[in-house]
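# Structure at a glance
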Amino acid sequence: RASDATTFSDFIHLILEITNSSLRPKLVPSNIDLVYCLLHGRDVLKPLRKHGQFWELVQSLDHLVNYFDIALRQANLSDMSVDNVLMVFEKVSRNYETTEFARHREVILQPQFTYAERSNSSVVFSPIHLELLCFTVLE
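What counts, and where the lines are drawn
- Residues numbered from 1 in each chain as written.
- Predicted model: local features only at pLDDT ≥ 70, side-chain atom pairs only at ≥ 80, totals over all residues.
- Heavy atoms only, no water.
- Helix = DSSP H or I, 4+ residues; strand = E, 2+ residues; numbered from the N terminus.
- Contact = heavy atoms within 4.5 Å.
- Areas by Shrake-Rupley, 256 points an atom, 1.4 Å probe, with all protein chains shown as cover.
- Expected span 1.5 Å × (residues − 1).
- Bend = angle between axes of the 7 residues up to and from the residue.
- Axes fitted to C-alpha atoms, helices over the stretch in contact; angles between N-to-C directions.
- Parallel < 35°, antiparallel > 145°, perpendicular 65-115°, else oblique.
- Buried < 20%, exposed > 50% of the residue type's maximum accessible area, 1.4 Å probe, protein only.
- Salt bridge = Lys/Arg side-chain N within 4 Å of Asp/Glu carboxyl O.

## Quick look at the overall build of the chain
- Counting secondary structure elements, the chain contains six helices and zero strands.
- Mapped from its N terminus to its C terminus, the chain presents α and β elements in the order α-α-α-α-α-α.
- The contacts in the chain between residues at least 6 apart in sequence include a share of 74% that link residues at least 24 apart.
- Accessible surface for the chain amounts to roughly 8,700 Å². Of this, 55% is attributable to carbon and sulfur atoms.

Quick look at the structure:
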């Protein structure tokens, strides 16, 4: 039904907005696990690239994933364990905010959400969102 498709489309758009908001350049260092999950499951975004209403949000995530993918390749790890990959991500995330990738994403991203009810509002969605996204990607 058309209403189901619209509801599902709105839900996907909301999830993409939340993901992008959670990964704004200043928040990336706090959400490295989410970056890892996106890199590991980047094919999940592939079908969404074809839809105009998702394109900008997916492109923003693609820029982020590409930045960390390049950093991971440049690290030339002999052991690609989760811990080693996360260590590389933590290191490069400290400089992410000053990169061209981040500047491009800041232009695209206009925050839609504020979380004044929490003292550390920047990570309010992270645990639930990360679990949902990783569960979906790894299914």
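## Quick word on helix α3 (residues 52-75)
- Its 24 residues give α3 an end-to-end C-alpha distance of 35 Å, which sits within 8% of 34 Å, the value for a rise of 1.5 Å per residue.
- Where α3 bends most, at Val58, the angle is about 25°.
- Positioned one or two residues after α3, Asn76 has a phi angle of 50°, which is positive.

## Considerations on the packing of helix α2 (residues 32-40) against α3
- α3 packs onto α2 with a crossing angle of 90° between their chain directions and a minimal axis gap of 10 Å. Judged by the inter-axis angle, α2 sits roughly perpendicular to α3. From α2, Ile32, Val35, Leu38 and Leu39 reach across to α3, where they touch Leu61, Leu64, Val65, Phe68, Asp69 and Leu72.

## Let's talk about the environment of Asn95
- One can find Asn95 in helix α4 (residues 82-96).
- Judged by its relative accessible area of 48%, Asn95 falls in the partly exposed class.
- Along the backbone, Asn95 and Pro29 are 66 residues apart, and their C-alpha atoms lie at a distance of 9.2 Å.

## Some thoughts on the pattern of salt bridges
- Under the defined criterion, the tally for this structure stands at three salt bridges.
- Of the charged contacts in the structure, one is a salt bridge between Arg42 and Asp69, with a shortest N-O distance of 3.4 Å. Of the two residues, Arg42 sits in the loop between α2 and α3 while Asp69 sits in helix α3, which places them 27 residues apart along the sequence.
- Overall, Arg42 belongs to the partly exposed group, its relative accessible area being 23%.
- By relative accessible area, which is 14% here, Asp69 ends up buried.
- In this structure, Arg73 and Asp69 form a salt bridge, with 3.1 Å as the shortest nitrogen-oxygen distance. Of the two residues, Arg73 and Asp69 are both situated in helix α3; the distance of four residues between them amounts to about one turn of the helix.
- Note on Arg73: relative accessible area 62%, which makes it exposed.

## Let's talk about the side chain of Ser9
- If you trace the backbone, Ser9 turns up in helix α1 (residues 2-22).
- For Ser9, a relative accessible area of 14% gives the class buried.

## Considering unusual backbone geometry
- Phi is positive for Asn76, close to 50°, though the residue is something other than glycine.
- If you trace the backbone, Asn76 turns up in the loop between α3 and α4.

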